[in-house]
Amino acid sequence: MRTSFYQYTLPELQELFALQGLPSSGPGLMFNWHYKKRKTEPCVIDLAKKSIAYVAENFSFDLPTLDTVHESQDKTVKFLFKFKDDLKVETVLIPFNGKYTICISSQVGCAMKCSFCHTGTQGLKRNLSTEEIIGQFLEAQRWLSANRPEDDRILNIVFMGQGEPLHNFDAVKKACEIFLTQHGLSLAPHKITISTAGYLPGLQRWKAEMPKVNIAVSLHSVIKEKRDKLIPINQRYPVEDVMKFAEEIPEGRTRFVTYEYLMIKNFNDSDEDAHITGRALAGKNVYISLIPFNPFPGTEYERPEMHEVDHFKTILDSYKIPTLIRKTKGDEILAACGQLHSGKNK
Ligand code: SF4
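Residues numbered from 1 in each chain as written. Predicted model: local features only at pLDDT ≥ 70, side-chain atom pairs only at ≥ 80, totals over all residues. Heavy atoms only, no water.

For the rest of this paragraph, the subject is the layout of surface pockets. If you add up the space inside the second largest pocket, you get close to 310 Å³. For the second largest pocket, the lining is made up of 18 residues, of which Asp62, Leu63, Lys84, Glu131 and Glu132 are closest to its centre. Of all the elements in the fold, those that place two or more residues in the lining of the second largest pocket are strand 1 (3-4) and helix 4 (130-147). For the lining of the second largest pocket, the element with the highest residue contribution is helix 4, accounting for three residues. Taken together, the residues that form the lining of the second largest pocket break down as five nonpolar, seven polar and six charged. The residue makeup of the lining of the second largest pocket includes at least three contributed by each of domain 1 (3-60) and domain 2 (65-333). (1 Å grid on protein atoms, 1.4 Å probe; cavity = no way out; pocket = protein on both sides within 12 Å on 5 of 7 lines; lining within 4 Å. Points joined across faces, edges and corners; volume = space filled by probe spheres on them. Helix = DSSP H or I, 4+ residues; strand = E, 2+ residues; numbered from the N terminus. Nonpolar A, V, L, I, M, F, W, Y, C, P; charged D, E, K, R; others polar. Domains from an automatic or database assignment.)

What follows is the structure in structure tokens.
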């Protein structure tokens, strides 16, 4: 049976070639062909004849099917991809200065059930495989090259789409290794960010095993009752433990920890919330990303006014915590943070 080429890291492919007694140059050439040169048909250039035959017999190069595409006025693009079992996920391209950040999904649905998140209302259907994660990038890249050839560069990858990436650790780790491979896409580690709801067992594995990519932790409140309501796994992995863990990350393992703070009107956006957050994080090697809530159908929450978000930032500034307000993009097509959903998955 043929297996997907896109599930293999370079060392894994080299091992397979070595076992067959095939020339060791083959895997690097294939990575270059499929990832750097963006070819979807099997590589035949420079590969030895017996390698070409082995590849034809043992590997498939199928990618997820593009089900629908939505483009917003600000040039954000939202894709709905369908997999072989008809399950679907959304992937988003976010424009900045003529380039793109891609927001990738790691699971169909999500088990974390965060109350502010459209995906959380779906429950977990299943983990995505490495090739399904890689496939979102490659297909989005292909769409860009065909539709916007003048600015078709994806420079950053964020695992902030559907799913808790650290809950699907092995597949996400392999995908990161493939994204970073020099013969292939050759991304720098700081161009990849993994966002977690604070799933502590995954964070522990990230520290021990993951290539040196960025980490972002969903904070949203340091007040237990509020965070319990927003992120139910806070009851199992309390934010104090997550923050303590983050503080102990060795120098050089990450440049800094980003805390994402989703601002919800009349819930966690008061002066008191800002001061409590400021006091908890002052003097630490962290960075806060303030995200105004993005409404989705059926939600009980509302987005604060921009002047309220600015005011919250001013209070955090007084604690000398580097804070940035994340600009909302693609909300009119439900492509913004927390708005993704797989539609009518079976
Ligand atoms: S915010 Fe992330 S972790 Fe929480 S339910 Fe949504 S996808 Fe899952």
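Take the side chain of Thr277 next. Positionally, Thr277 belongs in helix 9 (residues 271-281). Ignoring anything within four residues of it in the chain, the contact list for Thr277 reads Leu219, Val222, Tyr261, Ile288, Leu316 and Ile321. (Contact = heavy atoms within 4.5 Å.)

Close contact between helix 5 (residues 169-180) and helix 6 (residues 200-209) brings their axes to 11 Å; oriented N to C, the two are set at 35°. Where helix 5 crosses over helix 6, the handedness of that crossing is right-handed. For the pair formed by helix 5 and helix 6, the contact residues are Phe169, Asp170 and Lys173 on the first element and Gly202, Arg205, Trp206 and Glu209 on the second. A class-by-class count of the residues in the contact of helix 5 with helix 6 yields two nonpolar, one polar and four charged. (Axes fitted to C-alpha atoms, helices over the stretch in contact; angles between N-to-C directions. Left-handed = near helix turned anticlockwise from the far one by under 90°.)

In this section: the sheet that holds strand 12 (residues 257-263). Across the sheet, ten strands lie side by side as 3-4-5-6-9-10-11-12-13-14; this open sheet has mixed pairing. Edge positions in the sheet fall to strand 3 (65-71) and strand 14 (323-325), since each of these pairs with one other strand and no more. Between one strand and the next, the sheet's axes are offset by a mean angle of 25°, whatever the strand orientation. Here strand 4 (residues 77-82) runs beside strand 5 (residues 88-96); their pairing, made up of six bridges, is antiparallel. Across the sheet, the residue bridging to Lys78 is Val92, located in strand 5. (Pairing = 2+ DSSP bridges.)

Another aspect to go through is empty space enclosed by the protein. In this structure the tally under the stated criterion is one cavity of 30 Å³ or more. In this structure, the largest cavity occupies an estimated 70 Å³ of space. Around the largest cavity sit Tyr6, His34, Arg38, Lys39, Thr40, Leu63, Leu138, Glu139, Gln141 and Arg142, which together line it. If one sorts the elements of the lining of the largest cavity by residue count, helix 4 sits on top with four residues. When its residues are assigned to classes, the lining of the largest cavity shows three nonpolar, three polar and four charged. Built from parts of two domains, the lining of the largest cavity gets at least three residues from each of domain 1 (3-60) and domain 2 (65-333).

Taken together, the neighbourhood of the ligand is formed by Cys110, Met112, Lys113, Cys114, Phe116, Cys117, Gly120, Gly161, Gly163 and Ala197. Taken together, the residues of the shell around the ligand break down into six nonpolar, three polar and one charged. (Near = heavy atom within 4 Å.)

Take the packing of helix 4 against helix 5 next. For the pair helix 4 and helix 5, the least separation of the axes is 8 Å and the interaxial angle reads 45°. With respect to helix 5, the element helix 4 is oriented oblique. The handedness of the crossing between helix 4 and helix 5 is right-handed. Residues Thr130, Ile133, Ile134 and Phe137 of helix 4 touch helix 5, and the partners they reach there are Ala171, Val172, Lys174, Ala175, Ile178 and Phe179. Of the residues in the contact of helix 4 with helix 5, the class split is eight nonpolar, one polar and one charged. (Parallel < 35°, antiparallel > 145°, perpendicular 65-115°, else oblique.)

Now for unusual backbone geometry. Non-glycine residue Ser186 carries a positive phi angle of around 55°. In this structure Ser186 comes out as partly exposed when scored by relative accessible area, which is 35%. At His220, a position not held by glycine, the phi torsion is positive, near 65°. Given a relative accessible area of 3%, His220 falls into the buried group. (Buried < 20%, exposed > 50% of the residue type's maximum accessible area, 1.4 Å probe, protein only.)

Turning next to helix 9. Listing the buried residues of helix 9 in full gives Asp273, Ala274, Thr277, Gly278 and Leu281. Projected down its long axis, helix 9 shows its buried positions confined to an angular sector of 130°, all on one face. Residues of helix 9 that are exposed and point more than 90 degrees away from the buried face comprise Glu272 and Arg279. On the buried face of helix 9, the contacting elements are helix 7 (224-230), helix 8 (239-247), strand 12, strand 13 (286-292) and helix 10 (306-318). Following helix 9 by one or two positions, Gly283 has its phi on the positive side, about 80°. (Arc of directions from axis to C-beta.)

On to the packing of aromatic side chains. Evaluated as defined, the whole model comprises 18 aromatic pairs. Measuring from ring centre to ring centre gives 6.0 Å for Tyr6 and Tyr35, while their planes differ by 70°; the resulting arrangement is edge-to-face. With a gap of 29 residues between them, Tyr6 in the loop between strand 1 and helix 1 (10-19) and Tyr35 in helix 2 (residues 26-36) connect regions that are remote in the sequence. Using a relative accessible area of 1% as the deciding quantity, one classes Tyr6 as buried. Ring geometry for Tyr199 against Tyr237: centres 5.8 Å apart, planes inclined by 85°, an arrangement best described as edge-to-face. One end of the pair, Tyr199, is in the loop between strand 10 (192-196) and helix 6; the other, Tyr237, is in the loop between helix 7 and helix 8, and 38 residues separate them in sequence. One exposure class covers both Tyr199 and Tyr237, and it is buried. Through a chain of ring-to-ring contacts, three or more aromatic side chains come together here, namely Phe5, Tyr6, Phe31, Tyr35 and Phe61. Here the guanidinium or amino end of Lys39 rests over the ring plane of Trp33, the centre of that ring lying 5.3 Å away. (Phe/Tyr/Trp six-rings, centres within 6.5 Å; stacked < 30°, edge-to-face > 60°. Lys NZ or Arg CZ within 6 Å of the ring centre and 35° of its normal.)

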